[in-house]
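What follows is the residue order along each chain.
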Amino acid sequence: MSSLLPPVRNKQILAVSDLTFSIKRKFQQDSDMQDVWVKGEISNLTNHRSGHSYFTLKDAKSQIQCVMFKWYAKRLKFKPSPGMKVIVFGSVEIYEARSQYQIQVVTIRPDGIGELYKAFEQLKIKLEAEGLFSEVHKKPLPKYPSVIAVASSPTGAVIHDIINITRRRYPVHIILAPTQVQGAEARESIVRSIQLLNRMNVDVIILARGGGSIEDLWPFNEEEVARAIYYSDTPVVSAIGHETDYTIADFTADIRAPTPSAAAELTVPDVSDIRQQLSQYDAILNHTIKEKISDTSQRIAQYESTVSIKRLYEIVNIKQQRMKEMNRYLQRLAHHKIDITNTRFASAYAYLNAVSPLHTLKRGYSITLKGKTIVSSITQIKEGDEIEIMVKDGMIESTVNAKNDREVV
Amino acid sequence: MNEDIPGSKENEIDVWNLSFEESLTKLEEIVKQLEDGNLPLEDSLSLFECGIRFSRRCRELLENARHRVDILTEEGFEPFEDQKEIDQVR
């Protein structure tokens, strides 16, 4: 049997490592083994302490070992989990220590729409919990912007639509920040544009992209993009894809427009509406001031009719007449008062006359006085007293000769 | 005069420096105040005068504003030529 073998020459004997190296080089030189996309399901996933991840990628018939080093693993936007259908990108390498072949994975993408949605949901829940979508962080758009920025592709329908619609509606300065909205560079490009525009004096940023598949729109579901929108001091209007497409960027933006055209309409007012409004304001100004003036004129006319010279004379005349009347009345009143007093005096005088003792003297009676006292009783005098007798036309001075106390009355 | 009247203290130069939004806001305030009425004639007249001034400022800004599109490049702004429109013209 041994004779069938070729003769052994020392030179031809290989060390294990030499052979392994040859195998390794073969793999490296084979373009079928380098930079390949491989589709399968993740199993036996181990996230090692070192940060490297190890797993098996399998389908119904086969399986292959995979390793993902930590510097690649930490760039992933989602968490790979066992059972997940993925597409990995990498190269088949030989692990020399065991001469085992494995895929050195550079990146992993969720395979299929279902997996993308899973990644989308994961991020959405995470950012929502952080408050990135909260209404309290939404900034209002300026009503009348003078500079609007558009972060979008400089070619294609999107920028064209936005320019056309704004031009039709409102004179505004548009700054287009050329931005990649698809592919591997898109994420960084979008973030850079938002940050750049924040350092410029723009009133609002429109982040726009036309319609596409969920994979096409994927950059707008990236966490970095959401955070750049969130931290933007300038209000951001998102307009990504069609009306039915919702991206993480849409949730984070201050306003989501269903389409780029709608974003343009949301961002600028319609100049014909403004002109109409201005005309209306002018009309109100004119109307109110006219009314005010005519009101005031009317009031002045009213005052004039009240305070005119003619009216003043009239008032004076009326007052004068009234004064004369009062005067006459007062005079009448005074005369009346005097008449009454005179009558009262006359009757009092007549009465006094009637009761006067002098009146009695006239009829023949006399009054006897002792000193200043009237003698009305015999007891008031004694013989020899000096008395005076008053008669109607004089006084009789006499002396009491005798007295007789025979009662007379 | 009433000190609260918007624009009553502004002279012409200030008015002509206002932005569109500022002018329109002032105009709206004045219209509202005039509509509410009950102001003395003198105040109404000066309000009216200011209102007309702000309204003219708004119109002037609208008339003079030009739609302009620039593209941001490494060197700064450059006028943007809409490729789609150019294609359509051709």
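Only a predicted model underlies this, so the values are computations on that prediction, with no experimental measurement involved.

A. Summary view of helix H2 (residues 20-36) of chain B. In this model, H2 of chain B (17 residues) spans 24 Å end to end at C-alpha, consistent with the 24 Å of a helix rising 1.5 Å per residue. Buried residues along H2 of chain B sit in contact with helix H9 (271-307) of chain A together with helix H3 (41-64) of chain B. Once H2 of chain B finishes, Gly37 of chain B follows within two positions and takes phi at roughly 70°, a positive value.

B. Quick peek at the pairing of strand S2 (residues 76-79) of chain B. Residues and elements named next belong to chain B. Across four bridges, the pairing between strand S1 (residues 68-73) and S2 is antiparallel. Counterpart to Ile71 in the pairing with S2 is Glu78. The loop that links S1 with its antiparallel partner S2 comprises two residues.

C. The arrangement of the interface of chain B and chain A in detail. On the side of chain A, 37 residues touch chain B, which itself brings 37 residues to the contact. Here chain B meets chain A over a buried area of about 3400 Å², counting both sides, of which 68% is carbon and sulfur. Of all residues in chain B, the largest losses of buried area upon contact with chain A belong to Leu62, His67 and Leu72 of chain B, amounting jointly to 19% of the total for that side. The tally of links between chain B and chain A comes to two salt bridges. Between Arg59 of chain B and Asp282 of chain A there is a salt bridge, with the nearest N and O atoms lying 3.2 Å from each other. Taken together, chain B and chain A are joined by 15 residue pairs in polar contact (both at pLDDT 80 or more). If you list the elements that add at least two residues to the side of chain B that touches chain A, you get H2, H3, S1 and helix H4 (83-89) of chain B.

D. Broad picture of the side chain of Thr20 of chain A. By the secondary structure assignment, Thr20 of chain A is in helix H1 (residues 16-29). Apart from residues no more than four positions distant in its own chain, Thr20 of chain A is found in contact with Ile94, Glu96 and Ser99 of chain A.

Calculation rules
Residues numbered from 1 in each chain as written. Chains lettered and ligands numbered in written order. Predicted model: local features only at pLDDT ≥ 70, side-chain atom pairs only at ≥ 80, totals over all residues. Heavy atoms only, no water. Helix = DSSP H or I, 4+ residues; strand = E, 2+ residues; numbered from the N terminus. Expected span 1.5 Å × (residues − 1). Contact = heavy atoms within 4.5 Å. Pairing = 2+ DSSP bridges. Buried area = accessible area lost by both parts, 1.4 Å probe. Salt bridge = Lys/Arg side-chain N within 4 Å of Asp/Glu carboxyl O. Polar contact = N/O pair within 3.5 Å; in protein donor to acceptor, adjacent residues only side chain to side chain.

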